[in-house]
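For reference, the chains in residue letters:
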Amino acid sequence: MDEVRMNSTTLGVFAWTELEREEGKYRFDWLDDVFELINSNGKRIILATPSAAPPAWMSRAYPEILRTGPDRVRRLHGNRVNFCWTSPVYREKVRSINEQLAKRYGHHPALMLWHVSNEYGGECFCELCAQAFREWLKARFEGNLEAMNQAHWTRFWSHRYTDWSQIDIPGNPYGETANQGLSLEFKRFTTDQIVAFYRAEVGALRKHNASVPVTTNLMGFYGGLDPWKLAPYLDVVGWDSYPQFRDQPIDVRGWAKAALTHDLTRSLGGGKPWLLMECSPSSSNWYPVMNLKPPGMHLFETLQAVAHGSDSVLYFQWRQSRGGQEKFHGAVVATGQDNTSRVFSDVSQTGSALDSLSAVAGSTTTSDVAILYDWDNAWAIDGACGPVQGNKRYFETILDQYVPFWEAGISVDVISQECEFGQYRLVLAPMLYLLRDGTAERMRQFVEGGGVLLTTYMTAWADEHDLTFAGGIFSPLAELFGIRVEELDALYPEQKPCVVLPRGSHFGVEGAFEVLGFAERIHVLDAEVVGSYGKFWYGEEPAITRRFVGKGEAIYVGARLGHDFNEPFLNSLAASLNLRRNYDAPTPAGVTVQRRVGRESEFLFLMNAADKQAHLAPPERPAVEILSGKPVSHGITLPPYGVAVLRLE
Amino acid sequence: MDEVRMNSTTLGVFAWTELEREEGKYRFDWLDDVFELINSNGKRIILATPSAAPPAWMSRAYPEILRTGPDRVRRLHGNRVNFCWTSPVYREKVRSINEQLAKRYGHHPALMLWHVSNEYGGECFCELCAQAFREWLKARFEGNLEAMNQAHWTRFWSHRYTDWSQIDIPGNPYGETANQGLSLEFKRFTTDQIVAFYRAEVGALRKHNASVPVTTNLMGFYGGLDPWKLAPYLDVVGWDSYPQFRDQPIDVRGWAKAALTHDLTRSLGGGKPWLLMECSPSSSNWYPVMNLKPPGMHLFETLQAVAHGSDSVLYFQWRQSRGGQEKFHGAVVATGQDNTSRVFSDVSQTGSALDSLSAVAGSTTTSDVAILYDWDNAWAIDGACGPVQGNKRYFETILDQYVPFWEAGISVDVISQECEFGQYRLVLAPMLYLLRDGTAERMRQFVEGGGVLLTTYMTAWADEHDLTFAGGIFSPLAELFGIRVEELDALYPEQKPCVVLPRGSHFGVEGAFEVLGFAERIHVLDAEVVGSYGKFWYGEEPAITRRFVGKGEAIYVGARLGHDFNEPFLNSLAASLNLRRNYDAPTPAGVTVQRRVGRESEFLFLMNAADKQAHLAPPERPAVEILSGKPVSHGITLPPYGVAVLRLE
Amino acid sequence: MDEVRMNSTTLGVFAWTELEREEGKYRFDWLDDVFELINSNGKRIILATPSAAPPAWMSRAYPEILRTGPDRVRRLHGNRVNFCWTSPVYREKVRSINEQLAKRYGHHPALMLWHVSNEYGGECFCELCAQAFREWLKARFEGNLEAMNQAHWTRFWSHRYTDWSQIDIPGNPYGETANQGLSLEFKRFTTDQIVAFYRAEVGALRKHNASVPVTTNLMGFYGGLDPWKLAPYLDVVGWDSYPQFRDQPIDVRGWAKAALTHDLTRSLGGGKPWLLMECSPSSSNWYPVMNLKPPGMHLFETLQAVAHGSDSVLYFQWRQSRGGQEKFHGAVVATGQDNTSRVFSDVSQTGSALDSLSAVAGSTTTSDVAILYDWDNAWAIDGACGPVQGNKRYFETILDQYVPFWEAGISVDVISQECEFGQYRLVLAPMLYLLRDGTAERMRQFVEGGGVLLTTYMTAWADEHDLTFAGGIFSPLAELFGIRVEELDALYPEQKPCVVLPRGSHFGVEGAFEVLGFAERIHVLDAEVVGSYGKFWYGEEPAITRRFVGKGEAIYVGARLGHDFNEPFLNSLAASLNLRRNYDAPTPAGVTVQRRVGRESEFLFLMNAADKQAHLAPPERPAVEILSGKPVSHGITLPPYGVAVLRLE
């Protein structure tokens, strides 16, 4: 561990049966020994609560603790994260073990952080949860059943409930699938149950020493939990990053996706440094293909996290297990390997780099740009029957808009619609189908106050109950953008109208760009037309508009367009707004520059996500490359996956 | 409504909870008001019974009413058409509400038609249905279990039943899947249960005024219900047409499929005018892709229905709902839209056209040609294990044979094997795998009496119990066609033998035509060989034969061939039989002409299903184009999706 | 039957309900009659026990006999092989009927063989089986729960059991899927239950006449049963061969797969002649596509079985049934057909050929080469989470290595890792992931004693409990092969490094060969490098090695390579080892020669699996072609699917 400069260790994830082999009989000796060993070596401990995997004896004694699937069948004991969110018995068992841990280790000098449970996720459909869901709905609608019927438009298909007890948890294969409002509520309910479960865990931990910080490991854009609801209760935010989990070799866009998720994590923590809580030093056994990392890639992926705000690189796992589900998962020390392995050497390289970057710790990032990705909205879009039955590509659209900024080296925050907009110069809110009460007004204020707001097709169709707006789609934003949206045309792949931006158009972008699947028919009320449809049956109708409002600007892109459009258009927009680029010289394709600012220094991370060498001119300000310790003079050459970290003087 | 010339309204589909919020407490005030409003505006009402969606309170009080799926698990309340066909409780509840409706509105002057339930469909696997199925089987086999065992050949795999009580409903994932005869019976049983359910609904309605006509909305070639069993109990036949429900933009063949289904509907009603009971003025939210209709297409689709015999164009739906499953479904008035929308204008265009076509109402169509599509046969083919495991393409084969007639403007009826053949010159009965008792004899009489009968590979293999004929496949028809069929070769896509028709062959068709998947080895007993297999291991063996019998002709096509063969072959056959073409001048590809004959006038609908302009020479008889009101002089130009309606003078 | 020279008949498969229509009331008259008829015609009988399909009355009376699926839902009565392996009631019922059969027919002069049940297969997940599984585990671990926890590494994810009663049968969709050791045990348990079930059946049969031989029909490489565990209890081994069951027309590789399976069957029987217990004279209705056999193919497939050691050709089925699941399945006499059919003629041809081959009966085959395919290993590979989630292609790899020997006319045995190696010159053991205790040592002895052992990537990773070796992957074989394996790189299809064998390399093979998915990084301890990786990030590292040990040789192929490599490499290896080729002249592609040696004669089967004509030079020794009865002089011409059988003088 010293050899790779490892200074902290997570312990006890999934250790319940080792801690409590029989109900109420605790065994801490082994863990005491580990604490002692680590402490005596001057390292710190992150101690997990074991709730992510109850013991088999508990499942047999109290079957209600087991999770029930969407088919309303209780799962047998096995796997992990296999428990009911609601079961009082399980909450009590978790409370007990957590209190025991807190009592025994809460004041241990090596204890640095509580790692609560592990990767909270999944839904439970048991009768306990159904009953809790009914009560949650009753509370949400303040006991007014008629209000719920109205909100969920239950007059359609005779779906009106005449008593709260008639409500079941919706969902395939047996339950209601035609009440999208109710399905959306169940997503929210599950998030609320998880938050409550987490808070109960934390409550037990804090009984003995409330000063130890707590967190849990998030999962990026995982759809089963709205992390904005959990983040306020985390003392530090972190996530588990496995960017190679893909159907093809990871590429530049794959690294952009990792970057976007790091930015989300930083934003969830309010911009504070965060923790990379898990990564693999090698491949992961549950990848579709256990592809090894070529030289340099591991250093790239770890420093990428740091570049976007992480103050840690933690691994799953130090030593590989010989059996069980993840026995092939990458580890710093694989079974039978030692400190001579390729992987150990990669990890050492990261350890050395982190050592030399110690001054970066605590530094932060601020962004001119925010991209709005909203969980409620994602759920509503996924649940919508139409405009296509397949993937509506909300997340892909977010990533499409992120990539040009990432490549340009412009820092981006990732926000929900409940976040403040005012601190940004530009907010991108594509496909914001579900618009909560107040968002339209806050957008208006943002634009009038000087902000630039860009949105797209499939925005502002429905309210928070997934009721379409009585005024029609986009009606809440019609005045702000100066347009009326009549209808959306979903296109077959064979159908490819274009959007044409004329020579000398706004934004300096011109040409014809193929529409990819979605095109809206728009009427201009009071806006400039930036682009129009090319030859098609609604050819010459407006497709992209812009309206100056107050000190700001409202831009509408009515059709789904590709990177050929997004790249020049968003770059031109960034230039016109004078958005701060992190690097003052041009950057080649595949190279991004991220920036962290400390009390005394400013750091630039120059990263080459492409598999070919790249060269950058030196920055205007004098700088030292920290990893090598040398001043930058004649520019910087980055090999494939190469990283340079500059401290600006 | 006046603006689009709407003159009638369907009410009350799925309105049960609005009518009966508590058991036995009815609320009709709101419906009274709607009746009054519509009546006072001079419009008519089609009133639905609400059985397609029971209230949630009823499902809670009487769980037996809920449908049970093939996995024998009772569904939770939700969605629609979610009830058991057998439950006595549900039948009683439906009877009560129907009687209430009949009592209150049965004599209302605005009431024009009862719309019973909605799109009857699906199967129930509950124990009540299982018991009813056992009783149905017992009745069908007159209490003779041994007769059933023989009919279902249960000695195979030791499947013999020794008591009626041993029978379960067959089917995946848990039940018997290897007794095709029994599976076929369950299809028939379900149709019988649905017909009984419908007739019980009608009985309740007729208690108060038996003179109001009744119907229900059918679903074309939907496989879950044999509409020939229900049609005798409908005073007028109708169906819900959504032809754009496809994986790719609709094309000429797609419109031919719509035409075929319209012809089926007309045939189900015995040739009388029928009702287009639902169509979408725009897209439908459950389409794979909500593609908008380009200009003209909506008028085309509605007049196409009229051309094939409909006397109505009804919409689902007038006004879009703001929530629920179909909130994006096309409507005459979409949420937030008004009479200025594109869709409203399309509907107005249809309304105007229908106005000018009022003389067409009541006119009918007669056909020289019938295509035989049989539900029993479709079920048996689908259920057969072999000759391929994939789609055996029965429906596609029907459509293949329909298209040449449709393109030639030759009217076609669609019949079952229980219909009369005698009124036709030509009957096409491809892939008639299941041959009922008597069909062979009726075919012989038809041919001897002067009819031409064409059939194909995979015909007359099994009797109504799906027992293969003791004399071998095709044996019941061997004498009539003068051939013996030895075996069928199912071909992989890589295998492409040809069928060769020599120069100067019968029908004037010559050349080599690729076989598509199925080829039979045939022995000629007493027939002319029209075509033979080309180079292959059974090359030079006969593939297509013809035999003159009495005054008629029996034609056999032993291999599956494509449009390259069907088009010239069937056209040549039509010419040789002097079948009446609806238009006396040639019609370009993609253009069809359909004909309706009234008491005083004859109407020709010229329709261009292609997306390019078409030109037709004028008809020989003087004619007026009704939509424009102008006489036809120098021919007719149809834009893409253009329609002209000629009244022949 | 005489016409096709049929001399024996299998009776009574699935006849239970015909034999016992009511519990305990047996009906043997009809079977007596059939016995009498067959016996009086001088033919012999193979009598089946009926356990593969219990009567419906039994399922109703004793539901516990029905099989329960992985979803823990008991199946309804239907289909076949639908019973629980454990149910005491079912075992008792089977015992009773078997004893009845044995008592009545056990001494009948026509009885030749007991055919026990039919195609044993499938798993049961009922509570009776779960309880038996717990007891089986307890016995396996000698009551030591801690030993089982250690073996299954249950400390991972808190999976430790603290009581045997906590164990459920693992598996989707509800059970444990993350304990691969336990999943593997369930596979073994099922094999043990089937063997016990079989032995109980046999015990009942032997009560009345222990001298009648017994067997059951195996299914080749079927994965649900380890046939090596059952084979010791079979007096003669046999299998059901349906080689055309494919997604595309059968090709040379398809026939090689049939040959491999025949070789497995022969090896299971210790090299003794075996029985082809079922084949189809025509197509099989459950094939994806019921493709007919072109002329010659049927004779080819039946003589191929004989060439690889079968002493019989038995058909399913003599006469087609008119109903039930398999009414389209090929039969010697199809419904409505007679002795004039194409199929009947094909069967006659086989009958004549077998007649002329009577001297072949009893002859055997010995092989210099063995390929090791191991069921435990196949289960462990299938169950492994990684190195890819898709098909890891174990069986395909076996076939890849078999094909070059088959094409070269070199006889091959197929063995498990528990078989003796010493009798072979060359053992191929690719992908032997799971290495049992003792196998490494036995391999060392084999090589030191003069054997050549070839293995590959993904070998010797885990012990019999699926625990990875503490010394790392391949560690048990590291010394023998003189290499250390560090890690495996799973490659995406886009990634194609090469393995390069330099000019003048060992084995006379040179060039660059594309890696197909798996490549290992290897360190040479004490071995020659035969091939290395080409340009890649681990380019120039060793990929193929060879080490001379004692009198033998240990060859390692570290990457998955294709036929372009396997064919020259294995041929070169065969040549260098002077392995006996069955034919002394060269054979064209697609032609194989197999050899059987009798007491007095030696027979060569020359078979052309390709669809084009092939010519072979005559053998050096004088020979007679038996089917034609003519001496071989100027060489042999084989049409497509042609077979010649030479008796060497």
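Before going into details, it helps to say that this report is about the structure given with it. (Residues numbered from 1 in each chain as written. Chains lettered and ligands numbered in written order. Predicted model: local features only at pLDDT ≥ 70, side-chain atom pairs only at ≥ 80, totals over all residues. Heavy atoms only, no water.)

1. Focus: the relation of the copies chain B and chain C
- Laying chain B over chain C is done by rotating through 120° and shifting 0.0 Å along the axis; what remains is an RMSD of 0.1 Å. The superposition operator between the copies reduces to a three-fold rotation axis. (Least-squares fit on C-alpha atoms with pLDDT ≥ 70 in both.)

2. Regarding the packing of helix H9 (residues 252-268) of chain B against helix H13 (residues 394-408) of chain B
Residues and elements named next belong to chain B.
- Direction vectors running N to C along H9 and H13 enclose 95°, while the axes themselves pass 9 Å from each other. Viewed along their axes, H9 and H13 adopt a mutual orientation that is roughly perpendicular. Across the interface between the two elements, Val252, Arg253, Trp255, Ala256, Lys257, Ala259, Leu260 and Asp263 from H9 touch Phe395, Glu396, Ile398, Leu399, Asp400, Tyr402, Val403, Trp406 and Glu407 from H13.
- Here the contact of H9 with H13 is composed, by residue class, of 11 nonpolar, no polar and 6 charged. (Axes fitted to C-alpha atoms, helices over the stretch in contact; angles between N-to-C directions. Helix = DSSP H or I, 4+ residues; strand = E, 2+ residues; numbered from the N terminus. Parallel < 35°, antiparallel > 145°, perpendicular 65-115°, else oblique. Contact = heavy atoms within 4.5 Å. Nonpolar A, V, L, I, M, F, W, Y, C, P; charged D, E, K, R; others polar.)

3. Some thoughts on the interface of chain A and chain C
- Facing 50 residues of chain A, the contacting portion of chain C comprises 53 residues.
- Overall, the association of chain A and chain C removes approximately 4,500 Å² of surface from exposure, summing both partners, and the carbon and sulfur fraction of that is 53%.
- The three residues of chain A that bury the most area against chain C are Asn79(A), Arg322(A) and Gln325(A), which together make up 16% of that side's buried surface.
- Linking chain A to chain C there are 4 salt bridges.
- Arg342(A) is paired through a salt bridge with Glu487(C); the nearest N and O atoms lie 2.5 Å apart.
- Summed over the shared surface of chain A and chain C, the number is 32 residue pairs in polar contact (both at pLDDT 80 or more).
- Only helix H1 (16-19), helix H3 (56-61) and helix H11 (342-356) of chain A provide two or more residues apiece to the side of chain A that touches chain C.
- In terms of residue class, the side of chain A that touches chain C is made up of 20 nonpolar, 17 polar and 13 charged. (Buried area = accessible area lost by both parts, 1.4 Å probe. Salt bridge = Lys/Arg side-chain N within 4 Å of Asp/Glu carboxyl O. Polar contact = N/O pair within 3.5 Å; in protein donor to acceptor, adjacent residues only side chain to side chain.)

4. A closer look at the state of the cysteines
Residue and element names in this part refer to chain A.
- Within this structure, the stated rule accounts for 0 disulfides over all chains.
- The structure places no disulfide on Cys84, whose sulfur is separated from the nearest cysteine sulfur, that of Cys129, by 3.6 Å.
- Take Cys84: its relative accessible area is 0%, and that puts it in the buried class. (Disulfide = S-S within 2.5 Å. Buried < 20%, exposed > 50% of the residue type's maximum accessible area, 1.4 Å probe, protein only.)

5. Quick word on the interface of chain B and chain C
- Taken together, the contact between chain B and chain C spans 51 residues of the former and 51 residues of the latter.
- When chain B packs against chain C, the two sides together hide about 4,500 Å² of surface, and 53% of this comes from carbon and sulfur.
- It is Trp157(B), Tyr174(B) and Tyr492(B) that lose the most area in chain B upon contact with chain C, and together they represent 19% of the buried surface on that side.
- Counting across the interface, chain B meets chain C through 4 salt bridges.
- Per element, the largest residue contribution to the side of chain B that touches chain C is 7 residues, and it comes from strand E15 (residues 483-490) of chain B.
- Residues belonging to the side of chain B that touches chain C are distributed by class as follows: 23 nonpolar, 14 polar and 14 charged.

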